[in-house]
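# Remarks on the overall topology
Here is what each chain is made of, one letter per residue.
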Amino acid sequence: MITSEFQFKAPQTIKELFKELHTHRDVAILSGGHSLIGLLKSGAINPDAIISVDRIESLKLINEKGDGAVEIGSSVSLATLLDHHSIGKTFPALKKAIGTIGNRQYCNQTSIGDEFSYASSSMGVLAVLLSHGATFEFSNGKEAMTVSHPEQKPKQSVLTAIHLQKYQGSVFVQEVTDPVSRLPLCGIATMISGNPSQVQAENFIVYGREIIPSRLPAVETHIQEARSATSIDPKIVGKALTPAIKNSSANPDYLTNLVCSFTKKAMQQVN
């Protein structure tokens, strides 16, 4: 039950959105709302205003480029992405990640921006986006700014779009979930390309409970230098993991073994 009092605004343009943002001291952005509503009910946040962006049509568009790249508006629902005629073909790992985090009702009510803006049921969607080398476009009402991770969000800005480029490799994802809550305990996502004698990994991402999706360049380098799955060294992987999991309760040995096993399987699938 939501007990806090707040004003509700629903601007129809980006200009109107920032006018409202500058009017209120503490604001929460509603985009779909599934994750935000949960935080309001729990009392985790207590804004004096909620601004819905659902009426801003420019944030609900999917723009396909001639080279296979795509621009996804931050208010595009997960259900829309699941049903899109080409997203699933061009970015199958993204469609798979969305399909595992909730039922149809959840996907109808949740936008792709909402899914990770409030650290909702799964960081898997964000991890897959990062493994694809996605960039995130924010606006401060005057100019657009692009960053490589939502954690780099510029001050007083709002996420407006996500840009994805088509890659030649394949994205591999593995996620271990809690058997009761079904929420992710830990997961890995990466782009793998090359051939059996020269495997390359890009955007190797680890994520999970208390683990902000983080890239591990040292693992990418190790995969390229190892050349074969049998040469993956747990010591190198464990050292690379340490900074990403230092603030979590994750078992380092378990996660190291999981990453090594995942890496070996992904390398063995390169044709």
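Notes on the structure in this doc start here. (Residues numbered from 1 in each chain as written. Predicted model: local features only at pLDDT ≥ 70, side-chain atom pairs only at ≥ 80, totals over all residues. Heavy atoms only, no water.)

## Side note on helix α5 (residues 92-99)
Listed as buried for α5 are Ala93, Leu94, Ala97 and Ile98. Buried residues of α5, seen end-on, are gathered within an arc of 135° and therefore sit on one face of the element. Next to the buried residues of α5 lie α3 (78-83), α4 (87-90), α6 (104-109), α8 (124-131), β8 (158-164) and β9 (170-177). (Buried < 20%, exposed > 50% of the residue type's maximum accessible area, 1.4 Å probe, protein only. Helix = DSSP H or I, 4+ residues; strand = E, 2+ residues; numbered from the N terminus. Arc of directions from axis to C-beta. Contact = heavy atoms within 4.5 Å.)

## Points about the packing of α5 against α8
Here α5 crosses α8 at 175°, and the two axes come no closer than 9 Å. The angle between the axes of α5 and α8 places the two elements in the roughly antiparallel class. Along its contact with α5, which presents Ala93, Leu94, Ala97 and Ile98, the element α8 presents Gly124, Val125, Val128 and Leu129. Split by residue class, the contact of α5 with α8 holds 7 nonpolar, 1 polar and no charged. (Axes fitted to C-alpha atoms, helices over the stretch in contact; angles between N-to-C directions. Parallel < 35°, antiparallel > 145°, perpendicular 65-115°, else oblique. Nonpolar A, V, L, I, M, F, W, Y, C, P; charged D, E, K, R; others polar.)

## Observations concerning the packing of helix α10 (residues 234-245) against helix α11 (residues 252-268)
Two elements in contact, α10 and α11, have axes separated by 9 Å at closest approach and are oriented at 120°. Taken as axis vectors, α10 and α11 run oblique relative to one another. In this structure, α10 crosses over α11, and the sense of that crossing is right-handed. Within the contact between the two elements, α10 uses Pro234, Val237, Gly238, Leu241 and Ile245 and α11 uses Pro252, Leu255, Thr256, Val259 and Cys260. Here the residues of the contact of α10 with α11 are counted per class, giving 8 nonpolar, 2 polar and no charged. (Left-handed = near helix turned anticlockwise from the far one by under 90°.)

## Notes on α10
Helix length check: α10 (12 residues) gives 16 Å between terminal C-alpha atoms against 16 Å at 1.5 Å per residue, within 8%. Among the residues of α10, those classed as buried are Val237, Gly238, Ala240, Leu241, Ala244 and Ile245. Buried residues of α10, viewed axially, fall in a sector of 165°; they line one side. Exposed and oriented more than 90 degrees from the buried face of α10 are Lys235, Lys239 and Pro243. Residues of α10 that are buried make contact with β11 (198-208), β12 (211-215), α9 (217-226) and α11. (Expected span 1.5 Å × (residues − 1).)

In short, the description is geometric, and any link to function would need to be established separately.
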